[in-house]
Amino acid sequence: MTPTTIKRINWVGGIFTVFTVICAILWAFPIYWGIISSIKPEDEVIRPYIELWPETLTFEHYWFALTETQIGTWYINSIVTAVGVTVLTVSTSLFAGYAISQLRFPGRTALWWLILASFMVPTQVLIVNHFVLMADLKMLNSWAGIILPQLIHPVIIIVYKQFFDQVPKDFREAAAMDNASEWDILFKIYIPMNWGVTTALSIVIFIWAWNAFLWPFLAVTKTEMMTITVGITQVFDAFGVYYARQLSAAVLAGFPVALAYLLFQRRVTQAITLSAGIKG
Amino acid sequence: MSEISLNNVCKSFGGVQVIDGISLDIESGELVVFLGPSGSGKSTLLRMIAGLETIDEGELTIGGKRSEHLAPGQRDVAMVFQNYALYPHMSVRENMAFGLKNIRMPKDEIERRVNDAARILEMDALLDRRPAQLSGGQRQRVAIGRAIVKEPAAFLFDEPLSNLDAALRVRTRVELAELHQRMQSTMIYVTHDQTEAMTLADRIIILNDCQIEQIGTPMDVYLYPNSRFVAGFVGSPGMNFLQAELSGTAGKQQAKLGDGSQIELSVDLGPGAYELGIRPEAVRVSATPAATTGTATVVERLGERTLVHLRLEDGTELIAQDGGHSEVKPGDLVHLTFDTSQLHLFDDKGRAHHAK
Ligand SMILES: Nc1ncnc2c1ncn2[C@@H]1O[C@H](COP(=O)(O)OP(=O)(O)OP(=O)(O)O)[C@@H](O)[C@H]1O
Ligand SMILES: [Mg+2]
């Protein structure tokens, strides 16, 4: 390799680095702005020019969000509904994906096309139907009402089917020779061989469900049934909206998800490489 | 008593008849090898016995029990897969115990069997490892261990050595033979490698085009092949095939080769054109003028013997065998003798007729 080619490669690498750094700043700036605004006094927040650091540090907005609102209840609602959505979506998709991938039954292909087709339909299109349905079932303002319409994630079934398709058929045959029932094959072989997928999907669904706004906003009118994303909109008092207070509530709302991701990030990557290793 | 018997079994895949009425008896304690080229139906036949492929028609008896309708796990056979199919997320111990747990065998019995198998296969130290932490040869052993713990009526192997490197393959082959000696268990072994078949088998079943071509002991199959196909498939280097014109009367016949030379022989056949087969070890280099002459093209020195590739005067190619200290060099003109008791003639249907 000549010195010039080394230089050229460094050039490309340098440009790429600069580009990624710019993207990262663009992406991270709103978060930074939200966090520092939440620790500024309200009058500093509404100043018409940009200040990258607060003049006076204050945690009064956090104090307000934690003591003057029902944030504790909202947290509980968010946890229950997000965990519920995650567990139910993963378990149903798991069975559906397995059945379509591994079992032979009449209507299998039709079912598969149906699932693929429903993947094309954005859930927002169905939101009015969901609302009417939930109202008829008297499930508005309940955990079940928040959870049920959020269980529609055909993509999870598709991902599971794809992964189960890739498991070499030898394992299935070895298990059949080992007297394993269909149940054993799913729970003792296919799922453990694909733990990485289940972990990754669970985290992704949990984050979706935690961040969900539109549906919980429609499904709930009572303050004490709100999830935290919806609850943020309630952080005002007789004098109107305080941006810093809302931002502090938003930071509190995002905190558990950020924490969960930070904690599991290594596991997710690890899990994905592990399940890729099985296939090798 | 025969341990496994197939009676007129048939199998088709999507309307295409693949196995068409095969019958076969395998004795208790016997190691039978299904030998044949790729696509000859070895795996299909084995998988029909295992229960991994359904049997469309015919009967299958395993250990005296009609089995064609039983689920794979209930047939009292254990299978070793070509790719081992060890469950990657389970330790070696769990891999071996899995099948036993599924039939709710008591814990201490499972423990005993796993430990016994580990001792037989000398892999006590590996029991707590995952398959990913094992070498190819060790995985192979675990796969065999997983079969042994079931104490089945028969073991089924589908090309179990094909994923090992050459040296390990030879070693494992010997170990398998030893294991069979020690356990005296019935085994069916599928391979397309005729050396494996010759070294391991009590009986070889040669398949061609999903038909049984010949059943016999390795030496039977080697010395008295039924057909042109078997003669060509068994033995390495392969049998020489030459065009020959047979004349004379029974008891004193001559086969005239393409280069005009004559070989005296005795075979139950009328005059006519045949294909003549003779193994390299029956074609010898002679110091004095003999049946015919050929020009050496390649000389392969294998140590204890030498293979001499020759071209006869009419261009026919032939391999002869000479001693380890052969002095033949490429380009030499050499005299050849044929051992006339080891000649085979093949008629136009490929049927073999052995010289006396
Ligand atoms: N699932 C299947 N569907 C259709 N045809 C099949 C199927 N399995 C096997 N066959 C056909 O049956 C015939 C025998 O195949 P089989 O796998 O038994 O051969 P084999 O002797 O084991 O070959 P190899 O040495 O390559 O493993 C082949 O012609 C093959 O194409
Ligand atoms: Mg095969």
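These figures come from a predicted structure and were not determined experimentally.

**Remarks on the packing of helix α4 (residues 136-148) of chain B against helix α5 (residues 166-183) of chain B**
Residue and element names in this part refer to chain B. Two numbers describe how α4 lies on α5: the axes approach to 11 Å, and their chain directions differ by 20 degrees. Considering their axes alone, α4 and α5 lie roughly parallel with respect to each other. In this structure, α4 crosses over α5, and the sense of that crossing is right-handed. Contacts from Gly-137, Gln-140, Arg-141, Ile-144 and Ile-148 in α4 reach Leu-168, Thr-172, Glu-175, Leu-176, Leu-179 and Met-183 in α5. Of the residues assigned to the contact of α4 with α5, the class counts are 6 nonpolar, 3 polar and 2 charged.

**Some details on the site of ligand 1**
Residues and elements named next belong to chain B. Neighbouring ligand 1 are Phe-13, Val-18, Pro-37, Ser-38, Gly-39, Ser-40, Gly-41, Lys-42, Ser-43, Thr-44 and Glu-159. Interatomic distance of 2.4 Å between a side-chain N/O atom of Thr-44 and an oxygen atom of ligand 1. Glu-159 places a side-chain nitrogen or oxygen 3.4 Å from an oxygen atom of ligand 1. Summarising the interface, the protein chains cover 57% of the accessible area of ligand 1, which totals 630 Å² for the free molecule. In terms of residue count, the dominant contributor to the shell around ligand 1 is helix α1 (residues 42-50) (3 residues). For the shell around ligand 1, the class distribution of residues is 3 nonpolar, 6 polar and 2 charged.

**Considering the sheet that holds strand β3 (residues 31-35) of chain B**
What links the strands of a sheet is backbone hydrogen bonding, and the strands pair in either a parallel or an antiparallel sense. All names here are of chain B. Read from one edge of the open sheet, 6 strands run β6-β7-β8-β3-β9-β10, paired in mixed fashion. Looking along the sheet, the strands with just one partner apiece sit at the ends: β6 (77-80) and β10 (211-216). Mean inter-strand twist for the sheet, computed between neighbouring axes without regard to direction, equals 20 degrees. Where β6 meets strand β7 (residues 154-158), 4 bridges bridge the pair, whose relative direction is parallel. What sits directly across from Met-79, in β7, is Leu-156.

**A closer look at the state of the cysteines**
Residue and element names in this part refer to chain B. In the structure shown here, the tally under the stated rule is 0 disulfides over all chains. With no disulfide partner, Cys-10 has as its closest neighbouring cysteine sulfur the one in Cys-210, 12 Å distant. Judged by its relative accessible area of 9%, Cys-10 is buried.

**With respect to the domain arrangement of chain A**
All names here are of chain A. The domain boundaries assigned to chain A delineate domain 1 (3-60) and domain 2 (70-279). With centres defined by C-alpha atoms, the gap from domain 1 to domain 2 works out at 32 Å. Each partner contributes to the interface: domain 1 provides 8 residues, whereas domain 2 provides 7 residues. Surface buried jointly by domain 1 and domain 2 totals about 530 Å² across both partners, of which 77% is contributed by carbon and sulfur atoms. There are 0 salt bridges connecting domain 1 and domain 2. Counting only elements with at least two residues in the side of domain 1 that touches domain 2, the list comes to α1 (3-38) and α2 (42-45). In terms of residue class, the side of domain 1 that touches domain 2 is made up of 3 nonpolar, 3 polar and 2 charged.

**Topic: the environment of Thr-195 of chain B**
All names here are of chain B. Tracing the chain through its elements places Thr-195 in helix α6 (residues 194-200). Owing to a relative accessible area of 34%, Thr-195 belongs among the partly exposed residues under this scheme. Spatially, the C-alpha atoms of Thr-195 and Val-234 are 8.2 Å apart, while their sequence positions differ by 39 residues. Here the side chain of Thr-195 touches Gln-194 through a polar contact of 3.5 Å, side chain to side chain.

**Thoughts on the nonpolar core**
If you look at the biggest cluster of nonpolar residues, it comprises 82 residues, and the most contacted ones within it are Ile-189 of chain A together with Phe-34, Leu-45 and Ile-49 of chain B. Ranked by the residues each element gives to this core, the list is headed by helix α4 (residues 71-102) of chain A, at 8 residues. Excluding residues within four positions of it along the chain, Leu-45 of chain B makes contact with Leu-6, Val-9, Ile-19, Ile-22, Phe-34 and Leu-207 of chain B.

**Observations regarding helix α3 (residues 107-120) of chain B**
Residues and elements named next belong to chain B. Compared with the 20 Å implied by 1.5 Å per residue over 14 residues, the 20 Å span of α3 between its first and last C-alpha is a close match. When we look at burial in α3, the residues that qualify are Ile-110, Arg-113, Val-114, Ala-117 and Ala-118. Down the axis of α3, the buried set is contained in an arc of 135 degrees. They therefore lie on one face. Seen from the open side of α3, the exposed residues pointing more than 90 degrees away from its buried face are Asp-108 and Arg-119.

**Details of the confidence of the model for chain B**
Averaged over all residues, the pLDDT of chain B is 93; the fraction at 70 or higher stands at 100%. Both confidence scores are given for the complex: pTM 0.83, ipTM 0.86.

**Section: the pattern of salt bridges**
All names here are of chain B. The tally for this structure, following the rule as stated, stands at 29 salt bridges over all chains. One salt bridge connects Asp-116 with Arg-119, and the closest N-O pair in it is separated by 3.1 Å. Residue Asp-116 and its partner Arg-119 are located together in helix α3, separated by 3 residues, close to a single helical turn. According to the relative accessible area criterion, Asp-116 is partly exposed, its value standing at 25%. With a relative accessible area of 52%, Arg-119 lands in the exposed category. Each of Glu-109, Arg-112, Arg-113, Asp-116, Arg-119 and Glu-151 takes part in salt bridges that share partners, so that together they form one network.

Criteria and cut-off values
- Residues numbered from 1 in each chain as written.
- Chains lettered and ligands numbered in written order.
- Predicted model: local features only at pLDDT ≥ 70, side-chain atom pairs only at ≥ 80, totals over all residues.
- Heavy atoms only, no water.
- Axes fitted to C-alpha atoms, helices over the stretch in contact; angles between N-to-C directions.
- Helix = DSSP H or I, 4+ residues; strand = E, 2+ residues; numbered from the N terminus.
- Parallel < 35°, antiparallel > 145°, perpendicular 65-115°, else oblique.
- Left-handed = near helix turned anticlockwise from the far one by under 90°.
- Contact = heavy atoms within 4.5 Å.
- Nonpolar A, V, L, I, M, F, W, Y, C, P; charged D, E, K, R; others polar.
- Near = heavy atom within 4 Å.
- Polar contact = N/O pair within 3.5 Å; in protein donor to acceptor, adjacent residues only side chain to side chain.
- Areas by Shrake-Rupley, 256 points an atom, 1.4 Å probe, with all protein chains shown as cover.
- Pairing = 2+ DSSP bridges.
- Disulfide = S-S within 2.5 Å.
- Buried < 20%, exposed > 50% of the residue type's maximum accessible area, 1.4 Å probe, protein only.
- Domains from an automatic or database assignment.
- Buried area = accessible area lost by both parts, 1.4 Å probe.
- Salt bridge = Lys/Arg side-chain N within 4 Å of Asp/Glu carboxyl O.
- Core = buried A, V, L, I, M, F, W, Y, C linked by side-chain atoms within 4.5 Å.
- Expected span 1.5 Å × (residues − 1).
- Arc of directions from axis to C-beta.
- pLDDT = per-residue confidence, 0-100.

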